[in-house]
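If you want the building blocks of each chain, they are given just below.
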Amino acid sequence: MLGLKLATDPRWANAAEKSIDEILIDHAYCEQKAATTGISLIVQYPEFEEMVKVCTAIVAEEWGHFRKVLKELEKRGFKFGPQRKDVYVNELMKLITRGGDRNEQVAERLLLLAMIEARSCERFRVLSLNINDAYLKEFYHEFMVSEAGHYKTFIDLAKVYKGEEYVKKRWQEILDGEADIMRKLTPQGSRIH
């Protein structure tokens with residue numbers, strides 16, 4: 001469904017589980033950034049009424065996810081640590097076409113968000129299938145389902161504003177670029193991306 005061209009090695013989950021505090025901290029920041037990015041999109045493109053309506057609901061959900069991950073950190077006795085630079089997202093941003101009309105700009109941003117959600121979904125799936133902690137298996141399964149829904153929503157919204165053919169072509173280009181990014185990045189057991 002996601003179309004990702006380079007799958008995460010299931011052994012990543014074993015490395016992640018060894019530093020679950022760092023995974024949860026990174027995950028919390030991913031949720032916080034998803035919420036604030038949604039707000040930014042709404043503020044920058046208020047004329048796109050359907051996108052504003054849909055993203056408003058997603059922002060609320062992402063903020064709820066942030067709170068849920070913070071509670072899990074607290075429950076496990078972990079402190080919410082400092083944010084780390086997200087090299088993956090910074091590299092993905094280089095794949096986005098700049099300029100163009102407002103419809104192209106918003107479509108490109110939506111495709112960027114779709115890719116981030118797709119990779120997060122895939123990573124949460126790997127955790128839900130391979131982590132030993134039974135509670136976290138279910139915890140990450142729920143996040144996987146949510147991220148899959150967000151991925152599809154962002155793709156569908158991009159089609160509303162730029163059309164099926166544009167989105168199909170650009171999505172394939174972004175998938176290719178994302179696979180190259182994944183090949184070049186050093187695997188991080190303590191990071192979602």
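Look up a bit, the structure's there.
Residues numbered from 1 in each chain as written. Predicted model: local features only at pLDDT ≥ 70, side-chain atom pairs only at ≥ 80, totals over all residues. Heavy atoms only, no water.

### Thoughts on helix H3 (residues 49-75)
Think of an α-helix as 3.6 residues a turn; residues three or four steps apart then line up on the same face. With 27 residues, H3 extends 39 Å between its outermost C-alpha atoms, agreeing within 8% with the 39 Å of an ideal straight helix rising 1.5 Å per residue. Within H3, the full set of buried residues consists of Met51, Val52, Val54, Cys55, Ile58, Val59, Glu62, His65, Phe66, Val69, Glu72 and Leu73. Where H3 is buried, its residues contact helix H2 (20-44), helix H5 (102-130) and helix H6 (134-162). Glycine 77 lies just past H3 and shows a positive phi near 80°. (Helix = DSSP H or I, 4+ residues; strand = E, 2+ residues; numbered from the N terminus. Expected span 1.5 Å × (residues − 1). Buried < 20%, exposed > 50% of the residue type's maximum accessible area, 1.4 Å probe, protein only. Contact = heavy atoms within 4.5 Å.)

### Focus on the side chain of arginine 123
Here arginine 123 is to be found in helix H5. Only 2.6 Å separates the side chain of arginine 123 from the side chain of threonine 8, close enough to count as a polar contact. The contact partners of arginine 123, leaving out residues within four places of it in the chain, are Thr8, Trp12, Met182, Arg191, Ile192 and His193. (Polar contact = N/O pair within 3.5 Å; in protein donor to acceptor, adjacent residues only side chain to side chain.)

### Notes on the packing of H5 against helix H7 (residues 164-184)
Where H5 meets H7, the closest approach of the two axes is 11 Å, and the angle between their N-to-C directions is 50°. Considering the angle they form, H5 stands oblique to H7. Of the two possible hands of crossing, H5 and H7 adopt the one that is right-handed. Every residue of H7 that contacts H5 at Glu104, Ala107, Glu108, Leu111, Ala114, Met115, Arg119 and Arg123 is listed here: Tyr166, Val167, Arg170, Trp171, Ile174, Leu175, Glu178 and Met182. Looking at the contact of H5 with H7 residue by residue, the class counts come to 10 nonpolar, no polar and six charged. (Axes fitted to C-alpha atoms, helices over the stretch in contact; angles between N-to-C directions. Parallel < 35°, antiparallel > 145°, perpendicular 65-115°, else oblique. Left-handed = near helix turned anticlockwise from the far one by under 90°. Nonpolar A, V, L, I, M, F, W, Y, C, P; charged D, E, K, R; others polar.)

### Here's the deal with the packing of aromatic side chains
The full count for this structure, using the stated rule, is 12 aromatic pairs. The interplanar angle of 70° and the centroid separation of 6.0 Å between the aromatic rings of phenylalanine 66 and phenylalanine 80 together place this pair among those described as edge-to-face. Here phenylalanine 66, found in helix H3, pairs with phenylalanine 80, found in the loop between H3 and helix H4 (87-93); they are 14 residues apart in sequence, far enough to count as distant. By relative accessible area, phenylalanine 80 is classed as partly exposed at 36%. Taking the centre distance of 6.1 Å and the plane angle of 45° together, the rings of tyrosine 140 and phenylalanine 143 count as tilted. Pair noted here: tyrosine 140 and phenylalanine 143 are both in helix H6, with a separation of three residues, about one helical turn. An identical accessibility class is assigned to tyrosine 140 and phenylalanine 143; each is buried. (Phe/Tyr/Trp six-rings, centres within 6.5 Å; stacked < 30°, edge-to-face > 60°.)

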